[in-house]
Amino acid sequence: MASRKEIESSLVLLLFGAIFLLYDLKYPLDQRANPGPGVFPLIVGAALVILAAWLLAQDARKPKAQAAKENDEGTKKSLRPFLQSNRGEAKPLLMIAVFIVYLLMVRWVGFFISTFLFVIFSSKLMGAKGWRKPVALSAGINLFCYFLFVAWIKLSFPRGFLF
Amino acid sequence: MDGQGILSSLLIAFQPVNFLACFIGAVIGTLVGVLPGLGPAAAMALVIPMTLKLGPTAGLIMLAGIYYGSMYGGSTTSILVNVPGEPASVVTTLEGYAMARKGRAGAALAIAAIGSFVAGTFSVIALQFFAPVLARSALAFGPAEYFALTVLGVILLSNLTGKSRAKSLIMIMVGLMLSTVGFDPVGGVERFSFGLESAQGGISFIAVTTGLFGVAEVFSIIAAKEEPLDLLPVRFRELYPSRKEIKRSVAPIARGSVLGFLIGLLPGPAATMAAFASYGMERRLSKHRNEFGQGAIEGVAGPESANNAAAGGAMIPLLSLGLPFTPTTAVLLGGMLLHGITPGPLLLRDRPDVFWGVIGSFYLGNMMLLILNLPLVGFFAKIVRIAPRYLMPVVLVLCVIGAYGDNGNLFDVWVMLGAGIVGYIMRKYNYEPAPLVVGLVLGPVMERSLRQTLIISRGNMSGLWDSPICLALWLIILLTAILPFMIGYLRSKATARPRKSNS
């Protein structure tokens, strides 16, 4: 594994811990006999920062030859091979985008219509051919959810202007 | 406990509602074990809103059914298609798939099911004896003891999960940090909610679990190239293991049951560890050592028994102390809390119907799974071939409903999506999601017990280790924290010495 990846993740964690601690300053620590709401977050946040720093230090200390070799692999890439090696990423990213649109739609159009469209689109995105099967699947799962969750469990889903 | 406990537990489990709940749970569990994309923890989280309709006893029986049903289902796909449905079945692929290629798939499946049944029953009996005893002694536990115990859990968990101890610890810390969102458990001060009303009650762990184990898994499957699965056929006639195979399996099943149960008591991914430990043990002890890797039945019988026994063993800290150390038991705890039941030393006294009902359902569920799985094994194996492009959208919709149904607000669904994205990235960077979920659930217990201890001792830090139980726990913590480093140090010295003498 590229050590650059390791360093990246440690840095992100460090940053997360630091922001968390900064935010925690807002909450009182009080005295030791009656610790306030800021104490526990302070302890775990500090633990995270220490651990992440330790991981970072370990990776930075790695034998130079090894790190250089790994770095070579990491930096020499031009754009095309980079894109090629990360081609698998396109689909999850698209999926996440579809998901976000879906969740935004639920609020305006209502749960069932959005879900109906979401299932069709996501199965098409994953490579389903034709329209009949995805539509049938989507109708099926919607009916199933309606009877199980609305008719039986009486869960109320967000409704839109249509349904 | 005594005969009365066993009898009453079975009577509760045989009530029609509970019987049905157990059956449905076992079927869902088997399906989840077979299908990729939805682990047992996520599936249980999804079902929780449904169980609220059923009431606590039947609801928890259903959740427990999913829990051990997935153990059965996971082994089916390991043997037939070399794809473990859940992590505890990874070891089974080694010998199980090799056996299937030799044409002994049926025998491997049968032995796995029988081993699971024997081990499951063994662990239930042990659970029945141990849990009340532990629950009674747990009554002596005050906040200081609880705090020490959770710290021990955190340390052990980080020692036992994943490849990197530091990374597991980091994930636990992130979980603990997330657990501080919302009203604080002692004073009720609102923290880290950023003015969002929906965040006041804290981050829904159901949303986080479905995100990390459901949505993230779907993203990974989408990213992976689709490979056609090579399904080996099983005929019903082949399901009978030969007499020799049975004879060779008896000892591994017995050893796996005991080993698995003991490992189940420890915090951490007990079922997976138990399976690996048992495989290692069988390979060392077997008379047919040369067959290992080419389909040795011991390598199926031992681990399959061990992971089921561990699933039972892991129920002990949950039912008697109220502390979950695996994602699945964490979800079970969450389910209990939603039903208004607080697991812990008082559960047996306050809600004996729930306590014994869940234990009784273990007997029943194991029997059902044995009857269900052997004839239907071909059917379950075929399900694996459902194309992800049809399965994954359904999984995603179920995740959305599960996250939404918990509190009925969309904020939780956004949390789930966030957890899914983070979980997907975590996988790429070799961070395990399980410790995070456990941290999220243990967080409030840890914080409350720490602050209560300090209040009781009037700010005196020694209150943390004043009682003999606490002192013992802290000593164990110290040992478990230092031991891995000591072993590592000694090993590096041992390898350095011969090198020196060479030069």
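Nothing here was measured: the structure is a model prediction, and the numbers come from that model.

About the cut-offs
- Residues numbered from 1 in each chain as written.
- Chains lettered and ligands numbered in written order.
- Predicted model: local features only at pLDDT ≥ 70, side-chain atom pairs only at ≥ 80, totals over all residues.
- Heavy atoms only, no water.
- Helix = DSSP H or I, 4+ residues; strand = E, 2+ residues; numbered from the N terminus.
- Contact = heavy atoms within 4.5 Å.
- Areas by Shrake-Rupley, 256 points an atom, 1.4 Å probe, with all protein chains shown as cover.
- Rg over C-alpha atoms; globule rule 2.2 N^0.38 Å.
- Buried < 20%, exposed > 50% of the residue type's maximum accessible area, 1.4 Å probe, protein only.
- Core = buried A, V, L, I, M, F, W, Y, C linked by side-chain atoms within 4.5 Å.
- pLDDT = per-residue confidence, 0-100.
- Patch = residues over 30% accessible without salt bridge, like charges linked within 9 Å, V, L, I, M, F, W, Y side chains within 5 Å.
- Salt bridge = Lys/Arg side-chain N within 4 Å of Asp/Glu carboxyl O.
- Axes fitted to C-alpha atoms, helices over the stretch in contact; angles between N-to-C directions.
- Parallel < 35°, antiparallel > 145°, perpendicular 65-115°, else oblique.
- Left-handed = near helix turned anticlockwise from the far one by under 90°.
- Nonpolar A, V, L, I, M, F, W, Y, C, P; charged D, E, K, R; others polar.
- Buried area = accessible area lost by both parts, 1.4 Å probe.
- Phe/Tyr/Trp six-rings, centres within 6.5 Å; stacked < 30°, edge-to-face > 60°.
- Lys NZ or Arg CZ within 6 Å of the ring centre and 35° of its normal.

1. A closer look at the overall build of chain A
1) Next: Of the regular secondary structure elements, chain A holds seven helices and zero strands.
2) Next: Order of helices (α) and strands (β) in chain A, N terminus to C terminus: α-α-α-α-α-α-α.
3) Next: Long-range pairs, those at least 24 residues apart, make up 54% of the contacts in chain A between residues at least 6 apart in sequence.
4) Next: Just so you have it, chain A exposes about 10000 Å², and 69% of that area is on carbon and sulfur atoms.

2. Regarding the overall build of chain B
1) Next: Helices and strands together make up the secondary structure of chain B, namely 20 helices and two strands.
2) Next: Compactness check: chain B gives a C-alpha radius of gyration of 23 Å against a globular reference of 23 Å for 503 residues, within 12% of the reference.
3) Next: A principal-axis box enclosing the C-alpha atoms of chain B has dimensions of 70 × 70 × 55 Å.
4) Next: Put simply, chain B has 503 residues, and 59% of those count as buried.
5) Next: Long-range pairs, those at least 24 residues apart, make up 79% of the contacts in chain B between residues at least 6 apart in sequence.

3. Here's the deal with the nonpolar core
Nonpolar side chains in soluble globular proteins tend to be buried together.
1) Next: Counting residues in hydrophobic clusters, the biggest one holds 168 residues, and the most contacted among them are Phe99(A), Phe157(A), Ile170(B), Met315(B) and Met416(B).
2) Next: The leading source of residues in this core is helix α16 (residues 352–383) of chain B, at 12 residues.
3) Next: By size, the runner-up hydrophobic cluster in this structure holds 15 residues, among which are Ala100(B), Ala107(B), Ala108(B) and Val377(B).

4. With respect to the confidence of the model for chain A
Residues and elements named next belong to chain A.
1) Next: The predicted model of chain A averages 77 in pLDDT, with 78% of residues at 70 or higher.
2) Next: Put simply, helix α3 (residues 64–75) is where chain A has its lowest mean pLDDT, 49, and helix α2 (residues 39–60) is where it has its highest, 87.
3) Next: Here residues 70–77 is modelled with pLDDT under 50, and outside its nearest four sequence neighbours on either side it reaches seven contacts, counting other chains as well.

5. Notes on a nonpolar patch on the surface
Residues and elements named next belong to chain B.
1) Next: Taken together, the side chains of Leu475, Leu478, Leu479, Ile482, Leu483, Met486 and Ile487 present a nonpolar region at the surface, about 670 Å² in accessible area.
2) Next: Topologically, Leu475 is positioned in helix α20 (residues 468–502).
3) Next: Relative accessible area serves as the criterion here: at 54%, Leu475 is assigned to the exposed category.

6. Re the packing of helix α10 (residues 243–265) of chain B against helix α12 (residues 298–313) of chain B
Residues and elements named next belong to chain B.
1) Next: Relative orientation of the contacting elements α10 and α12 amounts to 30°, with a least axis distance of 6 Å. When the interaxial angle is binned, α10 and α12 end up roughly parallel. In this structure, α10 crosses over α12, and the sense of that crossing is right-handed. Across from Arg248, Ser249, Pro252, Ile253, Gly256, Ser257, Gly260, Phe261, Gly264 and Leu265 in α10, the residues of α12 making contact are Glu298, Ala301, Gly302, Ser305, Ala306, Ala309, Ala310 and Gly313.
2) Next: Residues of the contact of α10 with α12, tallied by class, amount to eight nonpolar, eight polar and two charged.

7. Observations concerning the interface of chain B and chain A
Where interface size is quoted, it is often the accessible area lost as the parts come together.
1) Next: Contact residues are listed per partner, giving 57 residues for chain B and 63 residues for chain A.
2) Next: Between chain B and chain A the total buried area reaches about 5700 Å² when both faces are included, carbon and sulfur atoms providing 81% of it.
3) Next: Of all residues in chain B, Met177(B), Phe192(B) and Tyr390(B) give up the largest surface area on contact with chain A, accounting jointly for 12% of the area buried on that side.
4) Next: Linking chain B to chain A there are zero salt bridges.
5) Next: Among the elements of the structure, α3 (40–54), α8 (165–179), β2 (190–191), α9 (205–223), α17 (388–407), α18 (410–428) and α19 (434–456) of chain B are those that each provide at least two residues to the side of chain B that touches chain A.
6) Next: In terms of residue count, the dominant contributor to the side of chain B that touches chain A is α17(B) (12 residues).
7) Next: Residues that form the side of chain B that touches chain A fall into these classes: 41 nonpolar, five polar and 11 charged.

8. Description of the packing of aromatic side chains
What describes a pair of aromatic rings is the distance from one ring centre to the other and the angle between the planes of the rings.
1) Next: Counting across every chain of the model gives 12 aromatic pairs over all chains.
2) Next: Here Phe147(B) and Trp474(B) contribute two aromatic rings whose centre-to-centre distance is 6.2 Å and whose plane-to-plane angle is 50°, an arrangement assigned as tilted. Taken together, the positions of Phe147(B) in helix α7 (residues 143–160) and Trp474(B) in helix α20 put the pair 327 residues apart, joining distant regions of the chain.
3) Next: Taken together, Phe111(A), Phe112(A), Tyr146(A) and Phe147(A) form an aromatic cluster joined through their ring pairs.
4) Next: The side chain of Lys124(A) reaches across the aromatic face of Trp131(A), ending 4.4 Å from its centre.

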